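Results of the structural survey
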Amino acid sequence: MTGRGAFDGVLDGLGAAIVSGRVPAGHVESVEAIVARTGVSRSIVREAVRVLVAAGLLSAGRRVGLRVLPDTSWDALNADVIRWRLDAPSRAAQLTELIEVRLAFEPPAAAAAALRRTDAEAARLSELADAIAAAASPDAFFAADVGFHSLLLACSRNAMFARLQTVVAEALRERSLGGHPRYPADPRDVELHGLIAAAVGAERPQEASARTRELVERNSNRPALPR
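I will try to describe carefully the structure that is included in this document. These numbers were taken from a predicted model, which means no experiment stands behind them.

1. Description of the sheet that holds strand β2 (residues 58-61)
Within a sheet, neighbouring strands are paired by backbone hydrogen bonds and run either parallel or antiparallel to one another. If you walk across this open sheet you meet the three strands as β1-β3-β2, and the pairing is antiparallel. In this open sheet, the two edge strands, each paired with only one partner strand, are β1 (28-29) and β2.

What follows is the structure in structure tokens.
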């Protein structure tokens, strides 16, 4: 295993081990030990470590080596951290947090989008709602769903809302790919995407917000099934 595959393997292996608690907070590691254990190059391990440091999972010091940090230091909005938590004992808590944060910012983002979108963006949002309705596979559903919600956030013209696109994408990945066989697309969920697009297109912010809130709340009423 070389190149990108080796990097992804080391990053996911280390990240998942830390987030799951298999490697506890306070544990001290070294780049050399990881190289010996994984068999990959020092440069690949260093790059994976750099990503984990940026995500708040590790600290690196010249004399102390690599130290695993507690969950209070993790970047909770980092897409990798979210994904690892969804595969860890903290899965149920992560699903709850995703719903709560989505309820906090997606409805107001939809309201802003209804006031700030361009005509071309409104038309594209409607096209994506149609693609969601027509999706014949989990992959197609996920692609259209991510495109829809990402565009909705971008149309808000709020840079902070737009920055949260990766958070929504991970929530939708879990819904469409991780859970799709157990949670096939509900007709009301599909309909709500069309209603949101229509409200945004008609410049009806309150309706756009209410429909978006309903869509997210519907997901909160589904049980957090194990992997």
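Next comes the rest of the write-up.
2. With respect to the side chain of Glu 174
Residue position: Glu 174 is located in helix α9 (residues 165-178). One polar contact links Glu 174 to Arg 91, side chain to side chain, over a distance of 2.7 Å.

3. Here's the deal with the pairing of β2
In terms of strand pairing, β2 meets strand β3 (residues 65-68) through four bridges, oriented antiparallel. Note that in β3 the partner of Gly 61 across the bridge is Gly 65. Hairpin connection, β2 to β3: the antiparallel pair is bridged by three residues.

4. Regarding the packing of aromatic side chains
Across all of its chains, the model carries one aromatic pair by this definition. Residues Phe 105 and Phe 161 carry aromatic rings whose centres are separated by 6.4 Å and whose planes lie at 25 degrees to one another, so their mutual orientation is stacked. Highlighted residues: Phe 105 in helix α5 (residues 91-116) and Phe 161 in helix α8 (residues 159-163), separated in sequence by 56 residues. As far as burial versus exposure is concerned, Phe 105 and Phe 161 are alike and both buried.

5. Observations regarding the environment of Ala 169
Take Ala 169: it is sitting in helix α9. Accessibility expressed as a relative area gives 14% for Ala 169, which makes it buried. Sequence separation of Ala 169 and Phe 142 is 27 residues, and the distance between their C-alpha atoms is 8.8 Å. If sequence neighbours within four positions are ignored, Ala 169 has contacts with Phe 142 and Val 146.

6. Side note on unusual backbone geometry
The phi dihedral of Arg 157 is positive, around 60 degrees, even though this residue is not glycine. For Arg 157, the position within the fold is in the loop between α7 (138-155) and α8. Note on Arg 157: relative accessible area 43%, which makes it partly exposed. With phi around 60 degrees, Glu 203 is a residue other than glycine that occupies positive phi space.

7. A word on the packing of α5 against α7
Two elements in contact, α5 and α7, have axes whose closest approach is 7 Å; the angle formed by their N-to-C orientations is 65 degrees. One element, α5, and the other, α7, form an angle in the roughly perpendicular class. Judged by the twist between their axes, the crossing of α5 over α7 is left-handed. Along its contact with α5, which presents Arg 102, Phe 105, Glu 106, Ala 109, Ala 110, Ala 112, Ala 113 and Arg 116, the element α7 presents His 149, Leu 152, Leu 153 and Cys 155. Looking at the contact of α5 with α7 residue by residue, the classes come out as eight nonpolar, one polar and three charged.

8. Thoughts on the pattern of salt bridges
What the rule picks out here adds up to 19 salt bridges. As a salt-bridge pair, Glu 127 and Arg 124 come within 3.1 Å of each other at their nearest N and O atoms. One end of the pair, Glu 127, and the other, Arg 124, are both in helix α6 (residues 119-134), three residues apart, so they sit about a helical turn from each other. Of the residues examined, Glu 127 reaches a relative accessible area of 46% and is grouped as partly exposed. Three or more residues joined by partner-sharing salt bridges are found here, namely Arg 188, Glu 191, Arg 211 and Glu 214.

9. Description of the nonpolar core
Core analysis: the biggest nonpolar cluster contains 25 residues, and Val 10, Leu 11, Ile 34, Leu 52 and Leu 57 have the highest contact counts within it. At the level of elements, α1 (3-20), α2 (31-38), α3 (42-54), β3 and α4 (79-86) are the ones that each hand at least two residues to this core. Apart from the residues lying within four places of it in its own chain, the contact partners of Leu 11 are Ala 48, Val 51, Leu 52, Asp 80 and Trp 84. Counting residues in each nonpolar core, the second largest holds 21 residues, with Ala 144, Leu 151, Leu 152 and Val 190 among its members.

Thresholds, definitions, all that
- Residues numbered from 1 in each chain as written.
- Predicted model: local features only at pLDDT ≥ 70, side-chain atom pairs only at ≥ 80, totals over all residues.
- Heavy atoms only, no water.
- Pairing = 2+ DSSP bridges.
- Helix = DSSP H or I, 4+ residues; strand = E, 2+ residues; numbered from the N terminus.
- Polar contact = N/O pair within 3.5 Å; in protein donor to acceptor, adjacent residues only side chain to side chain.
- Phe/Tyr/Trp six-rings, centres within 6.5 Å; stacked < 30°, edge-to-face > 60°.
- Buried < 20%, exposed > 50% of the residue type's maximum accessible area, 1.4 Å probe, protein only.
- Contact = heavy atoms within 4.5 Å.
- Axes fitted to C-alpha atoms, helices over the stretch in contact; angles between N-to-C directions.
- Parallel < 35°, antiparallel > 145°, perpendicular 65-115°, else oblique.
- Left-handed = near helix turned anticlockwise from the far one by under 90°.
- Nonpolar A, V, L, I, M, F, W, Y, C, P; charged D, E, K, R; others polar.
- Salt bridge = Lys/Arg side-chain N within 4 Å of Asp/Glu carboxyl O.
- Core = buried A, V, L, I, M, F, W, Y, C linked by side-chain atoms within 4.5 Å.

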